[in-house]
Amino acid sequence: MSEHRIYRVTSIGRPMEPKKYPTNKAILILMVVAALIAGVVAFMRGAGAGASAAGALEAFLVVFACWALGRELAPDDNSAAFVGAALAFIALWWWPSPSLLLLFTALALSRIVNRSTGLTARLGDSVIVTALVVWSMVSLQNPLAGVAAALAFMLDARLADPNRRQWLFAAICLTAVVIQVWRIDSGTLEMAFLPEPQYVIAAATLLAFLMFSLGLQSVSSRGDVGGRTLNPSRVRGGMLVVWLLALLTSVQGPGAIEIVTPVLAVMAGLVLAGLVGRLGS
């Protein structure tokens, strides 16, 4: 298997290669369809050309990133990634302002841990992911996101074939948490557990996904480079990091659920696909 040129630059980027993988070609088509639907509906509702284009782009990126995240969290179940992407697209009609920044942060952190590419994160990868995490913490006023990021780097430094320099980036993320907590208004850190439908759905999703993650025992998928079977502990670690990121974001007060909705949709999709698979077997 020839190595894709993207891996000369990064160890956590993954090429689409639609001609090689039918599922990748399918998601590209679905991304365009989702963008067209979102753009047309927004325009028909009276939004201007700029707002309609922005809505189309958001749908395009949400579908892609949710599908990609689903592949990372459940590498053995390609169809489940489509379920999560579909749920995230549907959720846009009720919660139209999710955080793409948080979604891509979750995607990057999962790859740091699970090594789905088959490669250890490069120094540049760790720097970029740390910058992404800090940006997310500051932009979303969500300092606790740094705790999940620190866990990701710690796991990469401790699990099979450890990357010891990740201890440095774990320490940087924890330091950023302390600085951000010190700088922001204490009211921002108030936890919210409201008896509203979205909080109930989020809580049920988080609990179900936690059980789903802890139940993972084996993985048959192989890394993109080298062809080695992915390490189950690393895959499970990536799942738990994303779960923690979603949990810590969800409890950050009113509006937090909308921000993290795409990540929750991916989790719900994986759980639902897993249940259907068990019932069908």
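Refer to the structure printed above.
Residues numbered from 1 in each chain as written. Predicted model: local features only at pLDDT ≥ 70, side-chain atom pairs only at ≥ 80, totals over all residues. Heavy atoms only, no water.

Asker: Would you mind going over the overall build of the protein chain with me for this structure?
Answerer: Scanning the protein chain from N- to C-terminus turns up ten helices and zero strands. Starting at the N terminus and ending at the C terminus, the protein chain contains elements arranged as α-α-α-α-α-α-α-α-α-α. Here the C-alpha atoms of the protein chain give a radius of gyration of 18 Å, agreeing with the 19 Å that 2.2 N^0.38 yields for 281 residues. Dimensions along the principal axes, computed over C-alpha positions, put the protein chain at roughly 55 × 50 × 40 Å. The buried share among the 281 residues of the protein chain stands at 48%. (Helix = DSSP H or I, 4+ residues; strand = E, 2+ residues; numbered from the N terminus. Rg over C-alpha atoms; globule rule 2.2 N^0.38 Å. Buried < 20%, exposed > 50% of the residue type's maximum accessible area, 1.4 Å probe, protein only.)

Asker: Looking at this structure, how should I read a nonpolar patch on the surface?
Answerer: Residues I29, V33, I37, I90, W93 and W94 make up a contiguous nonpolar surface patch of roughly 580 Å² in combined accessible area. Ranked by residue count, the leading element in the nonpolar patch is helix α1 (residues 22-44), at three residues. Assignment of secondary structure puts V33 in helix α1. Classification of V33 as partly exposed rests on a relative accessible area of 38%. (Patch = residues over 30% accessible without salt bridge, like charges linked within 9 Å, V, L, I, M, F, W, Y side chains within 5 Å. Areas by Shrake-Rupley, 256 points an atom, 1.4 Å probe, with all protein chains shown as cover. Salt bridge = Lys/Arg side-chain N within 4 Å of Asp/Glu carboxyl O.)

Asker: I would appreciate a short explanation of the packing of helix α6 (residues 145-158) against helix α9 (residues 232-250) in the present structure.
Answerer: At a minimum axis distance of 8 Å, the contact between α6 and α9 shows a crossing angle of 170 degrees. Viewed along their axes, α6 and α9 adopt a mutual orientation that is roughly antiparallel. Contacts between α6 and α9 involve A145, V147, A148, L151, A152, L155 and D156 from the former and R234, G237, V241, L244, L245 and L248 from the latter. When its residues are assigned to classes, the contact of α6 with α9 shows ten nonpolar, one polar and two charged. (Axes fitted to C-alpha atoms, helices over the stretch in contact; angles between N-to-C directions. Parallel < 35°, antiparallel > 145°, perpendicular 65-115°, else oblique. Contact = heavy atoms within 4.5 Å. Nonpolar A, V, L, I, M, F, W, Y, C, P; charged D, E, K, R; others polar.)

Asker: What am I meant to see in the pattern of salt bridges here?
Answerer: Opposite charge on two side chains lets them pair, provided their charged atoms get close. Applying the stated criterion across every chain yields a total of six salt bridges. Among the salt bridges present, the one from R115 reaches D161, with a minimum N-O distance of 3.3 Å. Linking R115 in the loop between α4 (100-114) and α5 (123-139) with D161 in the loop between α6 and α7 (166-183), this pair joins segments that are 46 residues apart in sequence. The exposure class assigned to R115 is buried, which follows from its relative accessible area of 7%.

Asker: How should I be thinking about helix α3 (residues 78-91) in this particular structure?
Answerer: Turn by turn, an α-helix covers 3.6 residues, leaving residues three or four places apart pointing in a common direction. Taking 1.5 Å per residue as the helical rise, α3 with its 14 residues ought to reach 20 Å, and the 21 Å between its terminal C-alpha atoms agrees with that figure. Every buried residue of α3 is listed here: A80, A81, F82, G84, A85, A88, F89 and A91. In this structure, the buried side of α3 is in contact with α1, α2 (49-73) and α10 (256-280). (Expected span 1.5 Å × (residues − 1).)

Asker: I keep staring at the packing of aromatic side chains and nothing clicks. Help me out?
Answerer: To describe a pair of aromatic rings, one takes the distance between the centres and the angle between the planes. What the rule picks out here adds up to five aromatic pairs. Plain terms: the ring middles of F89 and W93 are 5.7 Å apart, the flat faces sit at 80 degrees to each other, and that makes the pair edge-to-face. According to the relative accessible area criterion, F89 is buried, its value standing at 15%. Grouping aromatic residues by their ring pairs yields a cluster made of F64, W67 and F82. (Phe/Tyr/Trp six-rings, centres within 6.5 Å; stacked < 30°, edge-to-face > 60°.)

Asker: Teacher, can you tell me more about the packing of helix α8 (residues 197-214) against α9 here?
Answerer: Geometrically, a packed helix pair is captured by the angle between its two axes and the distance between the axes. Close contact between α8 and α9 brings their axes to 10 Å; oriented N to C, the two are set at 165 degrees. With respect to their mutual orientation, α8 and α9 come out roughly antiparallel. Of the two elements, α8 crosses α9, and the hand of that crossing is left-handed. Residues Y199, L206, F209, L210, F212, S213 and L214 of α8 pack against R236, M239, L240, W243, A246, L247 and S250 of α9. Along the lines of polarity and charge, the residues of the contact of α8 with α9 split into eleven nonpolar, two polar and one charged. (Left-handed = near helix turned anticlockwise from the far one by under 90°.)

Asker: Sorry, what's going on with the nonpolar core here?
Answerer: In summary, soluble globular proteins display a tendency toward joint burial of nonpolar side chains. In terms of nonpolar packing, the biggest core is built from 74 residues, with L69, L73, L109, V129, F209, V263 and M267 touching the most fellow members. With ten residues, the top contributor of residues to this core is α10. Beyond its immediate stretch of four places on either side in the chain, L109 contacts V129, V133, A149, A152, V241 and L245. (Core = buried A, V, L, I, M, F, W, Y, C linked by side-chain atoms within 4.5 Å.)

Asker: Help me out: how do you make sense of unusual backbone geometry in this one?
Answerer: Glycine aside, a negative phi is what most residues show, and trans is what most peptide bonds show. Positive phi outside glycine occurs at R115, with the angle close to 55 degrees. A positive phi angle, near 50 degrees, is found at Q141, a position not held by glycine. Positionally, Q141 belongs in the loop between α5 and α6. On the basis of relative accessibility, which here comes to 34%, the residue Q141 falls in the partly exposed class.

Asker: How should α1 be read in this particular structure?
Answerer: Taking 1.5 Å of rise per residue, the 23 residues of α1 would be expected to cover 33 Å, and the 33 Å separating its terminal C-alpha atoms lies within 8% of that figure. Residues of α1 that are buried: N24, I27, M31, A34, A35, A38, G39 and A42. The elements touched by buried residues of α1 are α2 and α3. Positive phi shows up at G46, right after α1, with a value of about 105 degrees.

By themselves, these are just geometric observations and shouldn't be taken as functional.
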